[in-house]
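# Commentary on secondary and tertiary structure
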Amino acid sequence: MSRNIGCVIQNNWARPEKSKIDAFRGCAVANLDDCMNRTAAVSSRIRPMNHAPLLGSAFTVKVAQGDNLMFHKAMDMAQQGDVVVIDAGGFTDRAILGELMITYCKSRGLAGVIVDGSIRDSDAIAEMNFPVYAAGVSPNGPYKNGPGEIGTVISFGGQVVRPGDIVIGDGDGILIIQPEDADDLLAKVRQVQSKEEEILKKIQEKGEYIRPWVDQILDQIGCER
(Lines give C-alpha, C1' and ligand atoms only; values in the text may rest on other atoms or scores of the structure.)
Protein backbone atom coordinates (compact mmCIF):
# COMPACT_ATOMS: atom_id res chain seq x y z
CA MET A 1 0.00 0.00 0.00
CA SER A 2 1.46 3.35 -1.02
CA ARG A 3 1.99 6.06 1.59
CA ASN A 4 0.08 9.33 1.29
CA ILE A 5 3.06 11.63 1.70
CA GLY A 6 2.24 14.87 3.48
CA CYS A 7 -1.09 13.64 4.84
CA VAL A 8 -0.68 11.36 7.85
CA ILE A 9 -1.83 11.06 11.46
CA GLN A 10 0.22 9.19 14.06
CA ASN A 11 -0.45 8.85 17.78
CA ASN A 12 1.97 6.21 18.99
CA TRP A 13 4.82 8.14 20.62
CA ALA A 14 5.89 8.05 24.26
CA ARG A 15 5.45 11.14 26.39
CA PRO A 16 8.02 11.91 29.09
CA GLU A 17 7.10 11.35 32.73
CA LYS A 18 5.23 14.28 34.21
CA SER A 19 7.86 14.65 36.93
CA LYS A 20 10.56 15.08 34.29
CA ILE A 21 8.61 17.92 32.71
CA ASP A 22 7.59 19.55 35.99
CA ALA A 23 11.23 19.69 37.12
CA PHE A 24 11.74 22.55 34.64
CA ARG A 25 8.94 24.67 36.05
CA GLY A 26 10.29 28.11 36.95
CA CYS A 27 13.53 27.70 34.99
CA ALA A 28 14.43 30.76 32.95
CA VAL A 29 14.59 30.04 29.23
CA ALA A 30 17.67 32.26 28.91
CA ASN A 31 19.54 30.18 31.49
CA LEU A 32 18.51 26.95 29.81
CA ASP A 33 19.69 28.27 26.45
CA ASP A 34 23.07 29.15 27.98
CA CYS A 35 23.35 25.52 29.07
CA MET A 36 22.52 24.39 25.51
CA ASN A 37 25.41 26.31 23.91
CA ARG A 38 23.15 29.30 23.21
CA THR A 39 21.77 27.80 20.00
CA ALA A 40 18.58 26.07 21.17
CA ALA A 41 15.95 28.82 21.06
CA VAL A 42 13.33 28.88 18.34
CA SER A 43 13.22 31.90 16.06
CA SER A 44 12.68 35.24 17.78
CA ARG A 45 9.83 35.84 15.30
CA ILE A 46 7.69 33.60 17.49
CA ARG A 47 6.54 35.70 20.45
CA PRO A 48 4.24 35.18 23.44
CA MET A 49 0.71 36.46 22.92
CA ASN A 50 0.10 36.75 26.68
CA HIS A 51 1.99 36.29 29.95
CA ALA A 52 1.11 32.66 30.75
CA PRO A 53 4.21 30.48 31.23
CA LEU A 54 4.63 27.55 28.85
CA LEU A 55 5.66 24.02 29.81
CA GLY A 56 4.56 20.66 28.49
CA SER A 57 5.07 17.77 26.10
CA ALA A 58 5.15 18.43 22.35
CA PHE A 59 2.15 17.33 20.29
CA THR A 60 3.36 18.07 16.77
CA VAL A 61 1.22 19.29 13.88
CA LYS A 62 2.19 20.32 10.36
CA VAL A 63 -0.34 22.30 8.32
CA ALA A 64 -0.52 23.58 4.78
CA GLN A 65 -0.06 27.35 4.48
CA GLY A 66 -3.12 29.11 5.87
CA ASP A 67 -4.98 25.84 6.55
CA ASN A 68 -6.01 24.50 9.97
CA LEU A 69 -7.76 21.18 9.24
CA MET A 70 -5.09 19.18 11.05
CA PHE A 71 -5.15 21.49 14.05
CA HIS A 72 -8.89 20.86 14.39
CA LYS A 73 -8.15 17.12 14.52
CA ALA A 74 -5.19 17.65 16.86
CA MET A 75 -7.32 19.49 19.42
CA ASP A 76 -9.43 16.36 19.87
CA MET A 77 -6.43 14.02 20.01
CA ALA A 78 -4.04 15.92 22.28
CA GLN A 79 -3.84 14.90 25.92
CA GLN A 80 -3.77 16.87 29.15
CA GLY A 81 -0.35 18.49 29.55
CA ASP A 82 0.43 18.53 25.82
CA VAL A 83 1.66 21.64 24.03
CA VAL A 84 0.35 21.70 20.47
CA VAL A 85 3.31 22.71 18.29
CA ILE A 86 2.14 23.83 14.84
CA ASP A 87 4.50 24.09 11.90
CA ALA A 88 2.63 26.52 9.64
CA GLY A 89 5.71 27.20 7.55
CA GLY A 90 6.13 30.71 8.92
CA PHE A 91 3.22 31.90 6.77
CA THR A 92 1.60 34.84 8.56
CA ASP A 93 -0.99 36.24 6.13
CA ARG A 94 -3.75 33.87 7.31
CA ALA A 95 -4.49 32.94 10.93
CA ILE A 96 -4.42 29.27 11.95
CA LEU A 97 -6.36 29.71 15.19
CA GLY A 98 -8.31 32.15 17.33
CA GLU A 99 -10.24 32.57 20.57
CA LEU A 100 -12.70 29.69 20.11
CA MET A 101 -9.99 27.12 19.46
CA ILE A 102 -7.80 28.32 22.30
CA THR A 103 -10.75 28.24 24.70
CA TYR A 104 -11.41 24.64 23.66
CA CYS A 105 -7.76 23.67 24.16
CA LYS A 106 -7.80 25.21 27.62
CA SER A 107 -11.01 23.37 28.52
CA ARG A 108 -9.33 20.07 27.63
CA GLY A 109 -6.38 20.68 29.94
CA LEU A 110 -3.77 21.22 27.24
CA ALA A 111 -0.61 23.06 28.29
CA GLY A 112 -0.40 25.56 25.44
CA VAL A 113 -0.45 26.19 21.70
CA ILE A 114 2.49 27.54 19.71
CA VAL A 115 2.40 28.25 16.00
CA ASP A 116 5.00 29.26 13.45
CA GLY A 117 2.29 31.26 11.75
CA SER A 118 -0.46 33.69 12.74
CA ILE A 119 -3.33 33.85 15.19
CA ARG A 120 -6.37 36.13 15.32
CA ASP A 121 -8.58 37.38 18.18
CA SER A 122 -5.33 38.58 19.69
CA ASP A 123 -6.98 41.00 22.15
CA ALA A 124 -9.00 38.18 23.72
CA ILE A 125 -6.04 35.79 23.76
CA ALA A 126 -3.89 38.45 25.43
CA GLU A 127 -6.26 38.34 28.41
CA MET A 128 -6.31 34.54 28.71
CA ASN A 129 -4.37 32.56 31.29
CA PHE A 130 -3.31 30.01 28.71
CA PRO A 131 0.03 30.15 26.87
CA VAL A 132 -0.08 31.00 23.18
CA TYR A 133 2.92 31.91 21.03
CA ALA A 134 2.81 32.94 17.38
CA ALA A 135 4.85 34.51 14.61
CA GLY A 136 2.14 37.02 13.69
CA VAL A 137 -1.44 38.24 13.88
CA SER A 138 -3.91 38.45 11.00
CA PRO A 139 -7.70 38.79 10.79
CA ASN A 140 -7.74 36.55 7.71
CA GLY A 141 -9.30 33.21 8.62
CA PRO A 142 -7.91 29.79 7.61
CA TYR A 143 -8.87 27.27 4.97
CA LYS A 144 -9.87 23.78 6.11
CA ASN A 145 -8.82 21.57 3.23
CA GLY A 146 -5.59 19.87 4.36
CA PRO A 147 -3.27 18.16 3.80
CA GLY A 148 -1.09 18.03 6.87
CA GLU A 149 0.51 15.81 9.49
CA ILE A 150 0.04 14.96 13.15
CA GLY A 151 2.59 13.22 15.33
CA THR A 152 5.55 13.52 12.97
CA VAL A 153 8.93 15.22 13.31
CA ILE A 154 8.54 18.87 12.30
CA SER A 155 10.54 22.05 11.87
CA PHE A 156 9.45 24.85 14.19
CA GLY A 157 11.10 28.24 14.17
CA GLY A 158 14.37 26.79 12.96
CA GLN A 159 14.44 23.91 15.47
CA VAL A 160 13.60 20.24 15.01
CA VAL A 161 10.69 19.13 17.20
CA ARG A 162 9.82 15.50 17.85
CA PRO A 163 6.56 14.30 19.40
CA GLY A 164 7.14 14.05 23.14
CA ASP A 165 9.92 16.62 23.34
CA ILE A 166 9.72 19.00 26.31
CA VAL A 167 8.58 22.52 25.38
CA ILE A 168 9.29 25.46 27.69
CA GLY A 169 8.69 29.16 27.13
CA ASP A 170 8.65 32.48 28.92
CA GLY A 171 8.78 36.14 27.90
CA ASP A 172 12.14 35.61 26.17
CA GLY A 173 10.99 32.83 23.85
CA ILE A 174 10.76 29.05 23.50
CA LEU A 175 13.16 26.11 23.86
CA ILE A 176 12.74 22.50 22.79
CA ILE A 177 14.37 19.91 25.08
CA GLN A 178 14.84 16.27 24.18
CA PRO A 179 13.73 14.14 27.15
CA GLU A 180 16.97 12.14 27.12
CA ASP A 181 18.88 15.38 27.80
CA ALA A 182 16.57 16.54 30.59
CA ASP A 183 18.38 15.25 33.69
CA ASP A 184 21.82 16.51 32.67
CA LEU A 185 20.41 19.85 31.52
CA LEU A 186 18.47 20.34 34.74
CA ALA A 187 21.62 19.84 36.82
CA LYS A 188 23.47 22.40 34.70
CA VAL A 189 20.75 25.03 34.82
CA ARG A 190 20.46 24.77 38.58
CA GLN A 191 24.17 25.56 38.85
CA VAL A 192 23.72 28.56 36.56
CA GLN A 193 20.75 29.84 38.55
CA SER A 194 22.66 29.50 41.82
CA LYS A 195 25.62 31.40 40.38
CA GLU A 196 23.38 34.19 39.06
CA GLU A 197 21.66 34.54 42.43
CA GLU A 198 25.06 35.14 44.06
CA ILE A 199 26.02 37.71 41.40
CA LEU A 200 22.73 39.56 41.85
CA LYS A 201 23.18 39.57 45.62
CA LYS A 202 26.62 41.20 45.30
CA ILE A 203 25.30 43.80 42.84
CA GLN A 204 22.36 44.69 45.07
CA GLU A 205 24.25 44.68 48.37
CA LYS A 206 27.73 45.88 47.40
CA GLY A 207 27.38 47.37 43.93
CA GLU A 208 29.94 44.83 42.67
CA TYR A 209 29.89 43.01 39.36
CA ILE A 210 33.29 41.33 39.12
CA ARG A 211 34.17 40.26 35.56
CA PRO A 212 37.95 39.82 35.12
CA TRP A 213 37.41 38.22 31.73
CA VAL A 214 36.53 41.61 30.21
CA ASP A 215 40.04 43.01 30.59
CA GLN A 216 41.56 39.64 29.68
CA ILE A 217 39.78 39.62 26.32
CA LEU A 218 40.62 43.27 25.70
CA ASP A 219 44.30 42.39 26.19
CA GLN A 220 43.99 39.38 23.91
CA ILE A 221 42.57 41.46 21.07
CA GLY A 222 45.21 44.18 21.53
CA CYS A 223 42.83 46.95 22.51
CA GLU A 224 44.60 50.23 23.28
CA ARG A 225 43.65 51.51 26.72
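Now for a description of the structure that goes with this document.

Rules of the game
- Residues numbered from 1 in each chain as written.
- Predicted model: local features only at pLDDT ≥ 70, side-chain atom pairs only at ≥ 80, totals over all residues.
- Heavy atoms only, no water.
- Patch = residues over 30% accessible without salt bridge, like charges linked within 9 Å, V, L, I, M, F, W, Y side chains within 5 Å.
- Areas by Shrake-Rupley, 256 points an atom, 1.4 Å probe, with all protein chains shown as cover.
- Salt bridge = Lys/Arg side-chain N within 4 Å of Asp/Glu carboxyl O.
- Lys, Arg positive; Asp, Glu negative; His and termini not counted.
- Charge placed at Lys NZ, Arg CZ, Asp CG, Glu CD.
- Helix = DSSP H or I, 4+ residues; strand = E, 2+ residues; numbered from the N terminus.
- 1 Å grid on protein atoms, 1.4 Å probe; cavity = no way out; pocket = protein on both sides within 12 Å on 5 of 7 lines; lining within 4 Å.
- Points joined across faces, edges and corners; volume = space filled by probe spheres on them.
- Nonpolar A, V, L, I, M, F, W, Y, C, P; charged D, E, K, R; others polar.
- Phe/Tyr/Trp six-rings, centres within 6.5 Å; stacked < 30°, edge-to-face > 60°.
- Buried < 20%, exposed > 50% of the residue type's maximum accessible area, 1.4 Å probe, protein only.
- Lys NZ or Arg CZ within 6 Å of the ring centre and 35° of its normal.
- Pairing = 2+ DSSP bridges.

### A look at a negative patch on the surface
A cluster of acidic side chains, namely E99, D121, D123 and E127, defines a negative patch on the protein surface. Mapped onto the fold, E99 is located in helix α4 (residues 99-107).

### Describing the layout of surface pockets
When its volume is computed, the largest pocket comes out at roughly 430 Å³. Taken together, 16 residues make up the lining of the largest pocket; nearest its centre are K195, E196, I199, Y209 and W213. Residue assignment for the lining of the largest pocket shows that the elements contributing at least two residues are α6 (182-206) and α7 (212-220). Here the lining of the largest pocket gets eight residues from one element, more than from any other, and that element is α6. A breakdown of the residues in the lining of the largest pocket according to their chemical character gives eight nonpolar, one polar and seven charged. Estimated volume of the second largest pocket: approximately 290 Å³.

### Quick notes on the packing of aromatic side chains
Within the structure shown, the criterion is met by one aromatic pair. Judged by centre distance (5.2 Å) and plane angle (70°), the ring pair of W13 and F59 falls under edge-to-face. With W13 in the loop between β1 (7-9) and α1 (18-22) and F59 in strand β3 (residues 54-63), this residue pair connects regions lying 46 residues apart in the sequence. Judged by relative accessible area, F59 falls into the buried class, the value being 0%. In this structure, R211 is placed above the aromatic ring of Y209, and the distance from its NZ or CZ to the ring centre is 4.2 Å.

### Digging into the pairing of strand β7 (residues 132-137)
Within β7, five of the six residues are buried, which leaves it mostly tucked inside the rest of the structure. Examined bridge by bridge, strand β2 (residues 47-48) and β7 share two bridges and lie antiparallel to one another. Bridge pairing in β7 links R47 to A134. Where strand β6 (residues 112-119) and β7 come together, five bridges link them in parallel fashion. Considered in β7, the bridge of I119 is made with V137.

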